[in-house]
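Now for the letters of each chain:
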Amino acid sequence: MPYKTQASRGLYGRSLTRAREEEMNGRNGRFIALTLACAAGLISCAGGEGGAGVTVRDSAGVQIVESRGSAGVGPSGWSLGAAPLLAIGVDEGAVEYQFSQVEGALRLPDGRFAVSDGGSREIRFFDVDGRFLSSSGRRGDAPGEYQMIYAMGYGPGDSIWVFDYGNRRFTVLTDDGELARTLTLGTTLANVAAVGRSADGSFVVKELWSAGGAQGGAIQLGLIRDPVAVARFATAGGRPDTIGLVPGREIFAWTENGRAVMSTPLFAHSVSAVVHGDAVFVGDQATFEIGVYSAAGALRRLIRLPDVDLRLTADDIARATEDRLAGTPEARRIMARRQLESMELPENQPAYGPLLVDADGNLWAGSYAAYPKPPASWRVFAPDGRAIGSLRMPERFRPFQIGSDWVLGVGRDEFDVEYVHLYELIKHE
């Protein structure tokens, strides 16, 4: 196999755990842990067992919850219904039912649905039976218009927020789609994406890309993970409050004709993050560890699965190579293959992909899948950090919102036509 693997270099190539431990032992930084009083009803912070296969301990005021063996990988007893309860969308027909680049879907408290359609730059509203009601937005730069819809979410309060990557702007709508206000981000962080909205109304973002490849003016070559910020904005154009710096998107850099060139290697690690209430869940995918922070940046808990096998095999690399080349024109495929094979690979595959939190506060961590494929399976963790188990999703289905007994997302058929699907979430006891 022509590929070779190499650990990421420097401070940001170490595990995030190691970096946190060093900071907690005396370094100044936003990740210095603060003591967390244990919430009533959760497992004890004092140490010891938190149930079969679950260990809970305290380290410098941070609760560490580790699930091992069957507690970490066994079935949850949960499943999705065999067919959707509701499907919205058509291959041919009325344009309001035709979707392109859906980047968010919400089930509102009154049962209506809101869907962000990236192709038309609209937020479309449907009734409880999936019938079209109205739309909000169009392509443009004015308030209430969008250039590139990246994400959508609900709350706090009866409000919908939409993040427009093209305009670097959050738009807040009423639950009927009326424009309430906008928040345009300042330029302190150059390239950011929405993570979510905190209970206090501030918006949490993550950097997608750092300056990369340069340390003190010198070009850094090889496999690189430069730091990126997870931060929150409370006011338009204001400076962000940094929640923390984490190892960012993994790239491979080399020189070509005297200039630096960067590309994304196979199995590149990135940053996973989600907001729920006043908690921000952040992970760097290097190991199965997810930190739970306050919006102010205090580390509250570490959720770990120590037994997950992340080794890369020759078959893994071969499948990933063919998947990456599948969309490459035939005339460029030989050169593209050589370029891929010249890149060093991470030592291990990413431990997880996207994160979601359901209506009951359970954390869902999707399996790693190379873009644009959605995760095939999801691991579920209780609000106290214990692993509940795992759940498979329908093929080509991407969930956006999870309730107590339903999952809402977008699915694609064999012709890549998009449909909004609502599935029943069955919890077998």
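Just so you know, these numbers come straight off a predicted model, no measurement behind them.

### So, the sheet that holds strand E32 (residues 387-392)
Neighbouring strands of a sheet are bound in pairs by backbone hydrogen bonds; such pairs are parallel or else antiparallel.
So, point 1. Ordered by their spatial adjacency, four strands build an open sheet running E29-E30-E31-E32, and the pairing between neighbours is antiparallel. Of all strands in the sheet, those bounded by a partner on one side alone are strand E29 (355-357) and E32. Taken pair by pair, the neighbouring strands of this sheet meet at an average axis angle of 25 degrees, ignoring direction.
So, point 2. Sheet analysis places strand E30 (residues 363-366) next to strand E31 (residues 377-381), joined by four bridges and oriented antiparallel.

### A word on empty space enclosed by the protein
Empty pockets left among the atoms are what a rolling probe the size of a water molecule brings to light.
So, point 1. With the rule as written, the count across this model stands at one cavity of 30 Å³ or more.
So, point 2. The calculated volume of the largest cavity comes to roughly 70 Å³.
So, point 3. Around the largest cavity, the lining comprises ten residues; the ones closest to its centre are Trp209, Ser210, Asp226, Arg249 and Ile251.
So, point 4. For the lining of the largest cavity, the per-class residue count stands at five nonpolar, three polar and two charged.

### So, unusual backbone geometry
So, point 1. For the bond running from Gly155 to Pro156, omega is 0 degrees, close enough to zero to count as cis.
So, point 2. Along the polypeptide, Pro156 turns up in the loop between strand E11 (149-154) and strand E12 (159-164).
So, point 3. With a phi angle near 65 degrees, Arg396 is a residue other than glycine that sits in the positive phi range.
So, point 4. Tracing the backbone through its elements, the reader meets Arg396 in the loop between E32 and strand E33 (397-402).
So, point 5. Judged by relative accessible area, which is 33%, Arg396 ranks as partly exposed.

### Here's the deal with the side chain of Asp164
So, point 1. For Asp164, the location among the structural elements is in strand E12.
So, point 2. The buried charged residue Asp164 lacks any salt bridge partner; its closest oppositely charged side chain belongs to Arg169, at an N-O distance of 4.2 Å.
So, point 3. Here the side chain of Asp164 touches Gln147 through a polar contact of 2.9 Å, landing on its backbone nitrogen.
So, point 4. Polar contacts involving the side chain of Asp164 include one to the main-chain amide nitrogen of Met148, which spans 2.8 Å.
So, point 5. Ignoring anything within four residues of it in the chain, the contact list for Asp164 reads Glu145, Tyr146, Gln147, Met148, Ile149 and Arg169.

### Considerations on the packing of aromatic side chains
So, point 1. Within this structure, the stated rule accounts for 14 aromatic pairs.
So, point 2. A ring pair is formed by Tyr97 and Phe126, whose centres lie 5.8 Å apart and whose planes are at 50 degrees; its orientation type is tilted. Of this pair, Tyr97 sits in the loop between strand E6 (86-88) and strand E7 (102-107) while Phe126 sits in strand E9 (residues 122-126), and the two are 29 residues apart along the sequence.
So, point 3. Using a relative accessible area of 21% as the deciding quantity, one classes Tyr97 as partly exposed.
So, point 4. Residue Phe126 is classed as buried on the basis of its relative accessible area, which comes to 0%.
So, point 5. Ring-pair connections join several aromatic residues into one group, and the members of that group are Tyr150, Trp161, Phe163, Tyr165, Phe170 and Phe203.
So, point 6. Stacked on the ring of Trp78, the Lys or Arg Lys427 has its end atom at 4.6 Å from the ring centre.

### Description of the pairing of strand E20 (residues 227-233)
So, point 1. Here E20 lies mainly inside the structure; six of its seven residues are buried.
So, point 2. Note: strand E16 (residues 203-207) against E20, four bridges, orientation antiparallel. What sits directly across from Lys206, in E20, is Val230.
So, point 3. Where E20 meets strand E21 (residues 241-247), six bridges bridge the pair, whose relative direction is antiparallel. The residue of E21 that forms the bridge with Val230 is Gly244.

Rules behind the numbers
- Residues numbered from 1 in each chain as written.
- Predicted model: local features only at pLDDT ≥ 70, side-chain atom pairs only at ≥ 80, totals over all residues.
- Heavy atoms only, no water.
- Pairing = 2+ DSSP bridges.
- Helix = DSSP H or I, 4+ residues; strand = E, 2+ residues; numbered from the N terminus.
- Axes fitted to C-alpha atoms, helices over the stretch in contact; angles between N-to-C directions.
- 1 Å grid on protein atoms, 1.4 Å probe; cavity = no way out; pocket = protein on both sides within 12 Å on 5 of 7 lines; lining within 4 Å.
- Points joined across faces, edges and corners; volume = space filled by probe spheres on them.
- Nonpolar A, V, L, I, M, F, W, Y, C, P; charged D, E, K, R; others polar.
- Buried < 20%, exposed > 50% of the residue type's maximum accessible area, 1.4 Å probe, protein only.
- Lys, Arg positive; Asp, Glu negative; His and termini not counted.
- Salt bridge = Lys/Arg side-chain N within 4 Å of Asp/Glu carboxyl O.
- Polar contact = N/O pair within 3.5 Å; in protein donor to acceptor, adjacent residues only side chain to side chain.
- Contact = heavy atoms within 4.5 Å.
- Phe/Tyr/Trp six-rings, centres within 6.5 Å; stacked < 30°, edge-to-face > 60°.
- Lys NZ or Arg CZ within 6 Å of the ring centre and 35° of its normal.

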